Amino acid sequence: MIRTVESEHVSAPVLAAYSYCEAVTGQQARNFAYGIRLLPAPKRRAMSALYALSRRVDDIGDGELPGEAKVARLENTRALLARVREGAVEEDDTDPVAVALAHAARAFPIPLGGLDELIDGVQMDVRGETYETWDDLKVYCRCVAGAIGRLSLGVFGTEPGARGAERAPEYADTLGLALQLTNILRDVREDALGGRTYLPADDLAKFGCSAGFGGPTPPEGSDFAGLVHFEVRRARALFAEGYRLLPMLDRRSGACVAAMAGIYRRLLDRIERDPEAVLRGRVSLPGREKAYVAVRGLSGLDTRHVSRRTVRRRA
């Protein structure tokens, strides 16, 4: 059983710190925000603290500072995490993200090492690493997204007696990989313009796309649609495996996960229908469609579907 703070008094400074984190989440992570708004307040606040620290790390990696300065800031963030672990962050600390994260870590069994993994992944970006194979890319994805899935599971917890709950961190990790691969497909041109290539070199070569994606059309003579459809199938397999987490969660945590994952699965559908759209601009969902996905998550339709499929497999 996870500890919660629903019945605890939360001081004004801590509430103010959480409010700051929730504002950051609402402004910077609209897809994420659609999911966490389905959670009860203590879990929603804890998730916003995790997001705010994660956003800080991402912003360092994506910023304009020289590489050495980025590395220094990332190590400063790692030192902040050490302070959180040691219980050395006071309520009157001047960093609201640190205050909120410290409180969340006391309230829930959050595996804070996942944030160190995120820093490791962003350091890969700072070094400009590229990836030869899917196995290579998975290492990066586990750092920047799988770790977030496992951190989130620390807030969600699993239902008492949930069958197979010992595999919940594995499924949370896999769902993170599915979301990250969808992100990579959506942002393929934006990343290319920023000098980054994430898709495995082996896959790019297989489909004649090694020249990269600097323009609004595919490389001449390439099978860009074939590349996208290949990666979409990979992402769908990851989603199918990761969705096995849903029946292990309570209703509102399951709704949160189903909503966030559902938005990305719909993005994947759009990318599959029109692969070259990712070269023309950012593919996104309208607000009404995101709201529908959130309502569907709250209804438990996805959880029931996964549960039925799991029962059929056992039979």
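Below: a short report on this structure.

## Here's the deal with empty space enclosed by the protein
If you walk through the whole model with that rule in mind, you get one cavity of 30 Å³ or more. In this structure, the largest cavity spans a volume of roughly 40 Å³. What lines the largest cavity is simply L185, V188, L199, F224, L227, V228 and V278. Ranked by residue count, the leading element in the lining of the largest cavity is helix α11 (residues 224–242), at three residues. Residue composition of the lining of the largest cavity, by class: seven nonpolar, no polar and no charged.

## Quick notes on helix α5 (residues 96–107)
The end-to-end C-alpha separation of α5 is 17 Å, in line with the 16 Å expected for twelve residues at 1.5 Å each. For α5, a buried count of ten out of twelve residues is recorded, marking the element as mostly surrounded by other parts of the structure. All buried positions along α5 are accounted for by V97, A98, V99, A100, L101, A102, H103, A104, A105 and A107. Its buried side turned inward, α5 meets α1 (12–28), α3 (41–62), α4 (67–85) and α6 (113–127). N-cap assignment for α5: the residue whose side-chain oxygen lies 3.0 Å from the backbone N of V97 is D95.

## Focus on the pattern of salt bridges
Side chains that differ in charge, positive against negative, can pair when their charged atoms come close. Counting across every chain of the model gives 28 salt bridges. With a closest N to O distance of 3.1 Å, E231 and R234 form a salt bridge. Note that E231 and R234 are positioned in helix α11 at a spacing of three residues, about one turn of the helix. A relative accessible area of 0% places E231 in the buried class. The exposure class of R234 is buried, given its relative accessible area of 18%.

## Quick notes on the packing of helix α8 (residues 168–186) against helix α12 (residues 251–273)
Contact geometry of α8 with α12 gives a least axis separation of 10 Å together with a crossing angle of 35 degrees. Relative to α12, the crossing made by α8 is left-handed. Contacts between α8 and α12 pair L175, L179, T182, N183, L185 and R186 from the former with V257, A261, Y264, L267, L268 and I271 from the latter. Looking at the contact of α8 with α12, its residues break down into nine nonpolar, two polar and one charged.

## Comments concerning the packing of aromatic side chains
Throughout the structure, instances matching the rule amount to five aromatic pairs. Seen in terms of ring centroids, Y131 and Y140 are 5.5 Å apart; in terms of plane orientation they differ by 35 degrees. Their pairing is tilted. Residue classification places Y131 among the buried positions, given a relative accessible area of 4%. On the accessibility criterion, Y140 (4% relative accessible area) is buried. Arranged with centres 5.4 Å apart and planes meeting at 65 degrees, the rings of F213 and F224 form a pair that is edge-to-face. With a gap of eleven residues between them, F213 in the loop between α10 (201–206) and α11 and F224 in helix α11 connect regions that are remote in the sequence. Exposure remark for F213: the relative accessible area of 5% places this residue in the buried category.

What counts, and where the lines are drawn
- Residues numbered from 1 in each chain as written.
- Predicted model: local features only at pLDDT ≥ 70, side-chain atom pairs only at ≥ 80, totals over all residues.
- Heavy atoms only, no water.
- 1 Å grid on protein atoms, 1.4 Å probe; cavity = no way out; pocket = protein on both sides within 12 Å on 5 of 7 lines; lining within 4 Å.
- Points joined across faces, edges and corners; volume = space filled by probe spheres on them.
- Helix = DSSP H or I, 4+ residues; strand = E, 2+ residues; numbered from the N terminus.
- Nonpolar A, V, L, I, M, F, W, Y, C, P; charged D, E, K, R; others polar.
- Expected span 1.5 Å × (residues − 1).
- Buried < 20%, exposed > 50% of the residue type's maximum accessible area, 1.4 Å probe, protein only.
- Contact = heavy atoms within 4.5 Å.
- Polar contact = N/O pair within 3.5 Å; in protein donor to acceptor, adjacent residues only side chain to side chain.
- Salt bridge = Lys/Arg side-chain N within 4 Å of Asp/Glu carboxyl O.
- Axes fitted to C-alpha atoms, helices over the stretch in contact; angles between N-to-C directions.
- Left-handed = near helix turned anticlockwise from the far one by under 90°.
- Phe/Tyr/Trp six-rings, centres within 6.5 Å; stacked < 30°, edge-to-face > 60°.

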